[in-house]
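Observations on the model geometry
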Amino acid sequence: MKQKKNKTTKIGFAIPVANESETIKEFCLDLIKNIKLFKINAVVFIVIDNASKDGTKKILEKIVKKNNLIKLIYEPKNRNVVDAYVRGYREAIKNNCDFIIEMDSGFSHLPSELHKFIKGYEEGYDCVFGIRPLLSINYNAPLKRRLFSLGGTILSNLLLGTHYKDMTSGYEGFKKDVLVKILKEPLRSTGHFSQTEIKYRARNFKYKEVKITYRFPTPRVKMSSVYNSFSTLFYLSFDRWLRR
């Protein structure tokens, strides 16, 4: 069943930020420009915590005073990036957003591609997931990151019985009631493997994958993140086995 976007449809954005003083103002202005361009009734929740040390928070405080679309959430109790994602999600849910988009700042996810997620919502999908061109020679990512993403996708699909083209990508959107169900239990992931965990929980919902441009991937992958990824993956695999 198609879902029409109208003037009362509210789109929420959950965006964690940290140490992005060089790009955060430009990113926010570009996001606002595209929200207006696509005529979206939106509210943006930017979540920042004590991990940000470079003055990003002060820049955002000035932006918020001039733009009522953006709400700055300061949460010093966050333990990791997943806490920031979840806090943004819950703020959007609490504010009765019909469709909630998670994206990264710093232009790793482009505001100009918002329409792909809105279109998926209008087509009646419960979830819309961005996928990177992992196999393309034009995908400008360090080899280590590319192999980590490809390997993670292949292994996760194999162990979890899923069929996603990109299991480790962010930039995704969810209907509110679907996201409530996905977040019913706390996420075990403490790093970016949370994207895979969320996709596993969303596997039985109606979802669509859309191609995105992913920019500025960092070459470094922390060993603690790798360990958490594997431990969570095997936990989810065991959970799948128990549910058979």
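So, here's what we can say about the structure. Here the structure is a predicted model, which means the values were calculated and not measured. (Residues numbered from 1 in each chain as written. Predicted model: local features only at pLDDT ≥ 70, side-chain atom pairs only at ≥ 80, totals over all residues. Heavy atoms only, no water.)

**So, the overall build of the protein chain**
- Broken down by element type, the protein chain carries eight helices and seven strands.
- Computed over its C-alpha atoms, the radius of gyration of the protein chain comes to 17 Å, within 12% of the 18 Å expected for a compact globule of 244 residues.
- Taking the principal axes of its C-alpha atoms as reference, the protein chain extends roughly 50 × 45 × 40 Å.
- Here the protein chain has roughly 13000 Å² of accessible surface; of this, 55% comes from carbon and sulfur atoms. (Helix = DSSP H or I, 4+ residues; strand = E, 2+ residues; numbered from the N terminus. Rg over C-alpha atoms; globule rule 2.2 N^0.38 Å. Areas by Shrake-Rupley, 256 points an atom, 1.4 Å probe, with all protein chains shown as cover.)

**What about a nonpolar patch on the surface?**
- A surface patch of nonpolar side chains, about 370 Å² in accessible area, is lined by Phe238, Trp241 and Leu242.
- Checked against the element boundaries, tryptophan 241 lands in helix α8 (residues 223–242). (Patch = residues over 30% accessible without salt bridge, like charges linked within 9 Å, V, L, I, M, F, W, Y side chains within 5 Å. Salt bridge = Lys/Arg side-chain N within 4 Å of Asp/Glu carboxyl O.)

**Considerations on the pattern of salt bridges**
- Counted under the stated rule, the structure contains twelve salt bridges.
- The salt bridge partner of glutamate 113 is lysine 116, with a shortest N-O separation of 3.5 Å.
- For glutamate 113, a relative accessible area of 8% puts it in the buried group.
- The exposure class of lysine 116 is partly exposed, given its relative accessible area of 24%.
- Taking the shortest distance from any N to any O, the salt bridge between arginine 132 and aspartate 166 comes out at 2.8 Å. Remark: aspartate 166 occurs in the loop between α5 (143–160) and β6 (172–175) and arginine 132 occurs in the loop between β5 (127–131) and α5; sequence separation between them is 34 residues. Like arginine 132, the residue aspartate 166 is buried in the burial classification. (Buried < 20%, exposed > 50% of the residue type's maximum accessible area, 1.4 Å probe, protein only.)

**A look at unusual backbone geometry**
- You will see that phenylalanine 107, though not glycine, has its phi angle at about 65°, which is positive.
- With respect to the helices and strands, the residue phenylalanine 107 is situated in the loop between β4 (99–102) and α4 (114–122).
- Phi at tyrosine 171 takes a positive value of approximately 60°, unusual for a residue other than glycine.
- Residue placement: tyrosine 171 occurs in the loop between α5 and β6.

**Focus on the environment of isoleucine 73**
- Topologically, isoleucine 73 is positioned in strand β3 (residues 70–74).
- Note on isoleucine 73: relative accessible area 10%, which makes it buried.

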